[in-house]
Amino acid sequence: MTVTIGTRTLGDAHPTYVIAEIGLNHNGSVEIAKELIDVAAAAGADAVKFQKRTPEISTPEHMRDVPRETPWGTMTYLEYRYRVEFGRDEYLEIGAHAAERGVDWFASPWDEPSVAFLEDLDVVAHKVASASLTDDGLLAALRDTGKPIILSTGMSTMEQIDRAVDLLGTENLVLLHATSTYPMPAEEANLRMIPTLKDRFAGVPVGYSGHERGLAISFAAVALGAAAVERHITLDRGMWGSDHAASIEPTELAALVAGIRDIELALGDGVKRVFPGELAPMAKLRRVGAGAAV
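No experiment lies behind these values; they were computed from the predicted model shown.

A. The overall build of the protein, seen in detail. For the protein, the count of helices and strands is 11 helices and 12 strands. Since a compact globule built from 294 residues should have a radius of gyration of about 19 Å, the 21 Å found for the protein is in line with a globular shape. Taken over the C-alpha atoms alone, the protein extends approximately 80 × 40 × 40 Å along its principal axes. For the protein, the proportion of its 294 residues judged to be buried stands at 49%. Taking all contacts inside the protein whose residues are at least 6 apart in sequence as the whole, residues at least 24 apart take part in 64%. Counting only carbon and sulfur atoms, one obtains 53% of the accessible surface of the protein, whose full area is about 13600 Å². Averaging the locations of the 27 positively and 42 negatively charged side chains of the protein gives two centres separated by 8 Å.

Encoded structure:
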């Protein structure tokens, strides 16, 4: 089974779909968002992803009035959420820029009005954040769009994942193994969940959404068969904001994509053969049983 997002196909025997998660790391600036899109395109990523909220709906009641220190002064958490949220005009500008740079763009809607908002912009797919996996109303609204859905599975039990998959259906579904610790220590990666999910949901492409420091764990996910890899990106981990510390910088993103492409080549097809580069060493070094190379 494969899933098509934009012009890319996800699934076994297809290149790993690399998602550069911008999220809120634009800090409410369209110009920073464009810079991050440029970073993703230059690195060879396939897509950029944002987060879309209706703040008065998606902000938890107990958090709304909590004071937060921001670059724009002290404000309530709800005011901060409004300050960093893009509207239709901003997303039209961002979407046009992504199209110019040849990368897909979509977002994680955190509430049902945000699904309608993104549908009006005709995004190529929808992403379900791990925090939303148990939101049946949101999942149903996403299912009804008929668009491809990428479902992150952090902070969830297997029973909760089963329920979400039952509600969404397996057609046009991509699962991402994730651990929602920011940043994530290696001992919480549990990458063997990738083959576990592949076995449990046969035919559904399974990928990895990472929040770790460094690239090694993401590379290991590809070696284990990840059909997609999502990583948060930032211009600078020292920037103000909650997700920058668990993000990778431009040079790291470029190294991530290059490494993933090398791993895809290195995995091969599992058929043993003597490669042309081995013929000269074989003639020089093998003393017994030279035989014919096939």
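B. A look at the side chain of D104. Secondary-structure assignment places D104 in strand β7 (residues 104-109). Classification of D104 by relative accessible area gives buried; the value is 9%. A distance of 2.8 Å separates a polar atom in the side chain of D104 from a polar atom in the side chain of Y17. If we skip the residues at most four places from it in the chain, D104 touches I5, G6, R8, Y17, D46, A47, V48 and V124.

C. Local environment of helix α7 (residues 158-168). Where α7 is concerned, the buried positions are M158, I161, D162, A164, V165, L167 and L168. Where the residues of α7 are buried, they touch α6 (136-143), β9 (149-152), β10 (173-178) and α8 (193-200). Looking one or two residues past α7, G169 carries a phi angle of roughly 80°, positive in sign.

D. Quick peek at unusual backbone geometry. With omega at -15°, the peptide bond leading from Y182 into P183 counts as cis. Topologically, P183 is positioned in the loop between β10 and α8. Positive phi is not limited to glycine here, since D122 has a value of about 55°. Relative to the helices and strands, D122 resides in the loop between α5 (112-120) and β8 (126-128). Given a relative accessible area of 55%, D122 falls into the exposed group. Phi is positive for N190, which is not a glycine, with a value near 50°. Counting through the fold element by element, N190 comes out in the loop between β10 and α8. Classification of N190 as partly exposed rests on a relative accessible area of 47%.

About the cut-offs
Residues numbered from 1 in each chain as written. Predicted model: local features only at pLDDT ≥ 70, side-chain atom pairs only at ≥ 80, totals over all residues. Heavy atoms only, no water. Helix = DSSP H or I, 4+ residues; strand = E, 2+ residues; numbered from the N terminus. Rg over C-alpha atoms; globule rule 2.2 N^0.38 Å. Buried < 20%, exposed > 50% of the residue type's maximum accessible area, 1.4 Å probe, protein only. Contact = heavy atoms within 4.5 Å. Areas by Shrake-Rupley, 256 points an atom, 1.4 Å probe, with all protein chains shown as cover. Lys, Arg positive; Asp, Glu negative; His and termini not counted. Charge placed at Lys NZ, Arg CZ, Asp CG, Glu CD. Polar contact = N/O pair within 3.5 Å; in protein donor to acceptor, adjacent residues only side chain to side chain.

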